[in-house]
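# Commentary on secondary and tertiary structure
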Amino acid sequence: MWAILSLLVENKPGILFKITHLFRARNFNIDSISVGITDNPDYSRMTITTFGDEKQIAQIVKQLDKMIDTVEVKQLDEHETLFRELSLFKIKLSNANDSMEVNKITNAYGGKVHNVRKDSMMIELTATPDQTNAFEELVKPFGIIDVARTGVAALQRSEQ
Amino acid sequence: MNKMETMIGAKALMTAMEKEGVKQVFGLPGGSNLPMYDEFSRCNIRHILARHEQSASHMADGFGRVSRKPGVCFATSGPGATNILTGIATAQADSSPMIAVTGQVPVAMIGKDAFQESDIIGMANPVVKYAYQPRTAAEIPEVIRKGFYIAETGRPGPVLIDIPKDVQQNEAEMIFPDEFKIQGYHPWTDPDIIAVEKAIDMLLHAQKPVILAGGGTIISSAFAELQSIAETLVLPVVTTFKGKGAFPENHPLCLGSIGMHGRAEANKIMAEADCVLAIGTRFSDRSVGTFETFEKGLKIIHMDVDPAEIGKNQTAQLAVVGDVRANLRIMVKLLLQKSLKKSDDSTWIKHVRETRSYWKENLKIHPGEMGAAKILRKLRELLPKESVITTEVGQHQMWASLFYDVIQPGTFFSSTGLGTMGWGFPAAIGAKVARPDVPVVDIAGDGSFAMTENSLATAVLEDIPVIVFVLNNATLGMVAQWQRTFYDRRMIGVDQKSCPDYVKLAESYGAQGLRAQSMDELDKAIKTALSSDVATVIDIPIDPEEDVLPFVAPGTSLSDMVLPS
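Residues numbered from 1 in each chain as written. Chains lettered and ligands numbered in written order. Predicted model: local features only at pLDDT ≥ 70, side-chain atom pairs only at ≥ 80, totals over all residues.

Moving on to the overall build of chain B. A count of helices and strands for chain B gives 23 helices and 20 strands. For 565 residues, the compact-globule estimate of 2.2 N^0.38 gives 24 Å, and chain B sits close to it at 24 Å. Counting only C-alpha atoms and orienting by the principal axes, one finds that chain B spans roughly 70 × 60 × 45 Å. Within chain B, the proportion of its 565 residues that are buried is 55%. For chain B, contacts bridging at least 24 residues in sequence account for 76% of all contacts bridging at least 6. (Helix = DSSP H or I, 4+ residues; strand = E, 2+ residues; numbered from the N terminus. Rg over C-alpha atoms; globule rule 2.2 N^0.38 Å. Buried ≥ 20, exposed ≤ 12 C-beta atoms within 10 Å, placed from the backbone. Contact = placed C-beta atoms within 7 Å.)

Structure (C-alpha cells):
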C-alpha cells in the first residue's frame, strides 16, 4: 500500500535528519520526501510517501507522532488529497520530428517546454507520480538524458 | 515573570539543576566541560567521580530507576561523550529517566574536526528521548527545564544536553522559566475509562485470563493497584523480566517472569491463557518468543503510556492508552463500585495453583552444594525484603530471575532491553545513592563485573557501600551455554581463567573482598557484607558447566520451553 504522510514539523536544524533516521532505524521505506517552509516560518511541512501494509503504515505514523519535533502527523486519504510533484526532464532530440512529438506529449500532460536546443529540450511537469511515470514511459523512446523529481507535495482538500 | 540574573552558562546549568532538585552528578571531567566542573566549587551539588564515563551513565541510570527522578551524568566532549553512548542507549531501552550533559568544542570549532570533537547529537539521536545543543548561554535555563520535563514524563527516557565550551563560559542575562511549552510533546497520561470498562468485561468473560505486568507497572509504581485487581478478579500474575517484582513473588497468585529464561510455571500458564491484561510492556521477543505464536488464540488488552507500542509487536484487541497507574486506579474503582469479585475456585485458577506448586517443588536444580539456585535462595533468605537488587547481564541475571524472589515491589533492576554487561555494579552505586538506607546488592557474574569493576574506586572513595555478589564460573557463561547447546561444545572466547582474583582486586581498591566456597562460608560472607560499611565483593566460585534452565530457544515459542532433565 502506498501512503502519503503529511508532517508539520518545527523548522529547526537537524529535523530532516531525525525523520529520515527514524525511517532507517525502524526499517521503513521512504519513497519520496519533500520539505518546505509554511506560512509560519517556525514550521516546515514535510510530505513523505512510503510503502507498507496497513499495520506498518499505522506504526510509522505513531512513531513519527511520538517524535517531539513533529507538531502534527497525518496520513492523507489519496482521494481527498491534492498531491503533485514537480519533475524536470532533459530529453534527447535525434531528428527534426522529435521536438514536435515531445511537444505533443507534453501538452497532453499539461507540461511546459523549456530550453529547446538542436539536440535536446527540457520539460517541466507538475503531475501525480503515476502521471509522471506514464509521461516518462512515453518520452523514453526519444532518450532521457536526465530527470529531477521533487517528490510529492500534498494537502488535504477538505477543511478537516 | 522571573527576575533576570547575569551569569555564565555553566553557572546557569548548575542553578537550573538545583532548581530541579538535583543533589548529585555522576561524571568525569575533561577539557570541554571544565567550566561546568568549576561550578561544583560554588554550588550544593555533590560530584561523584566515576572512573569511566560509561559507568557514570549507569550510575545515573541506577539512581533514576530507583528514585524515579532523572539521574544526571557529566562527560567531556569526544571520547567522553562516545563513552556514555552505551549508558544512554541502555537507559532508552529500559525507559529510564536520565540527563546526560556533555561538553562540546566551542561553537566556532564545530565541524572543523577539532580535538576531542564528536558529533554526539548525531550519534545519540536514535538512542535518546530528546537531545539539545544550546548555541547561546541564554538558552541554558529553559533547555534544562525542558530536558528534565521530557526525561521524567510520559514514557521516561534519557535526554542529552550537549553544551559547547564557549556557551558554558559566556555570560548572559538568564531567565529561569516556570512555564514553558514544547509543542510536539503531549505525553498521553489521562486514563481511558471506556477502555477500562471494556477491559474488565473482557477479563470477566475470559475462561483463562492472566495479567502480564511489564516494566511500566514498576515505572508508574502501580503496585497496590495491580495487587488489588489481581486479588479481586483472582487473576494469576506473570511478569516480563523487566516487570519482575511488580508483584510480590511470594504471593500465591504470582508465577514469576515469562520469557526465554522464564519460570516454567509462568511460561506454561502464559501459553495456555486466552486473555491477557498486558500492563506497560512492549512484548519484547525475549519475553514472548515468536510474535505469531504468542498472539495466536490470545485476546490482548494492551495498557501502555506510549501509543506507539500498541500494535508494534503484538496485535491488541483492546488498547488502553495512558498512564498505567491512572488506568489501573480506575479499574480498581470500577471493580469496587460494581462489587465485582470472582470466585477463586474456577477450574482455571485451580489449574494455576497446581501448576505453581508443582514447579515450585519439582523443577530440577543443580545438585551441587554451590548451585545457582541454592546460592540465590540463600541470598534471599538473608537480605531484608526492602533491599535493592541490580544485576549484570548473563547467566547470573537469569538465575536471579528464576531463583531470587522479589518480595517488596520495585526493588529489582536490570539492564533488560539492551542487555548491557557491566551495568549492574555502577547502577547499584547510583541506586545506593538514591536509597542509602537499604542494602544494595549487584547480583553479578565474573564476565560482566569485569567490564566496570573499576567503579570499586567510586564505591570506596565516595563511601557508597554496595555489595557485589559474583557468581564466578570463570567463564562468559551465557555464551558458553549457547556454545554447548548450539555449537557442539566448541568453546571459543569464553574462558576467563579466574583472572583476576576478585578478593585481591577488591582489596587493592580498599574494598572488602570475601570468598565463599561453601554454604557456611556464603552465609557468613553475606552477613559480614551486610554489617560492613565498606563496599564488599563476595566471590562465589561455581560450576562452569551449569546451564540456565528452563530455556526457550530463540525463534521458538513459550510452549516449546526446554526443561532441565
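On to the domain arrangement of chain B, then. A common way to report how large an interface is uses the accessible area buried once the components associate. All names here are of chain B. Taken domain by domain, chain B holds domain 1 (5–174), domain 2 (193–361) and domain 3 (364–549). Each of domain 2 and domain 3 was reduced to a C-alpha centroid, and the two centroids are 30 Å apart. With 15 residues of domain 2 at the contact, the number on the domain 3 side is 13 residues. Considered class by class, the residues forming the side of domain 2 that touches domain 3 number 6 nonpolar, 5 polar and 4 charged. (Domains from an automatic or database assignment. Nonpolar A, V, L, I, M, F, W, Y, C, P; charged D, E, K, R; others polar.)

Time to look at the domain arrangement of chain A. All names here are of chain A. According to the domain assignment, chain A consists of domain 1 (2–76) and domain 2 (82–156). On a C-alpha basis, the centroid separation for the pair domain 1 and domain 2 is 28 Å. Those elements that place two or more of their residues in the side of domain 1 that touches domain 2 are β1 (2–10), β2 (32–37) and β3 (43–51). The element best represented in the side of domain 1 that touches domain 2 is β2, accounting for 3 residues. In terms of residue class, the side of domain 1 that touches domain 2 is made up of 3 nonpolar, 5 polar and no charged.

In this section: the interface of chain B and chain A. On the chain A side, the residues contacting the 12 residues of chain B number 15 residues. Its residues assigned to classes, the side of chain B that touches chain A comprises 7 nonpolar, 4 polar and 1 charged.

This part takes up the nonpolar core. Of all hydrophobic cores here, the largest spans 170 residues; its most connected members are Leu13(B), Met59(B), Cys73(B), Val237(B), Val276(B), Val470(B) and Ile538(B). Broken down by element, this core gets its largest block of residues, 7 residues, from helix α18 (residues 424–434) of chain B. Setting aside residues up to four positions removed in sequence, Met59(B) forms contacts with Phe26(B), Ile48(B), Ala50(B), Gly71(B), Cys73(B), Pro426(B), Ala427(B), Ile429(B) and Gly430(B). Counting 15 residues, the second largest nonpolar core, distinct from the first, contains Leu7(A), Ile48(A), Leu76(A) and Ala153(A). (Core = buried A, V, L, I, M, F, W, Y, C linked by C-beta atoms within 7 Å.)

All right, on to unusual backbone geometry then. A cis amide bond, omega 5 degrees, links Cys499(B) with the succeeding residue Pro500(B). Mapping Pro500(B) onto the fold places it in the loop between α21 (477–486) and α22 (502–508). Backbone torsion omega between Leu549(B) and Pro550(B) reads 5 degrees, so that peptide bond is classified as cis. Note on placement: Pro550(B) falls in the segment after β20 (536–541). Positive phi, close to 65 degrees, is recorded for Asn27(A), a residue that is not glycine. Within the secondary structure, Asn27(A) is located in the loop between α1 (15–25) and β2. Overall, the presence of 8 C-beta atoms within 10 Å leaves Asn27(A) in the exposed class. In this structure, Asp488(B) is a non-glycine residue whose phi angle is positive, near 55 degrees.

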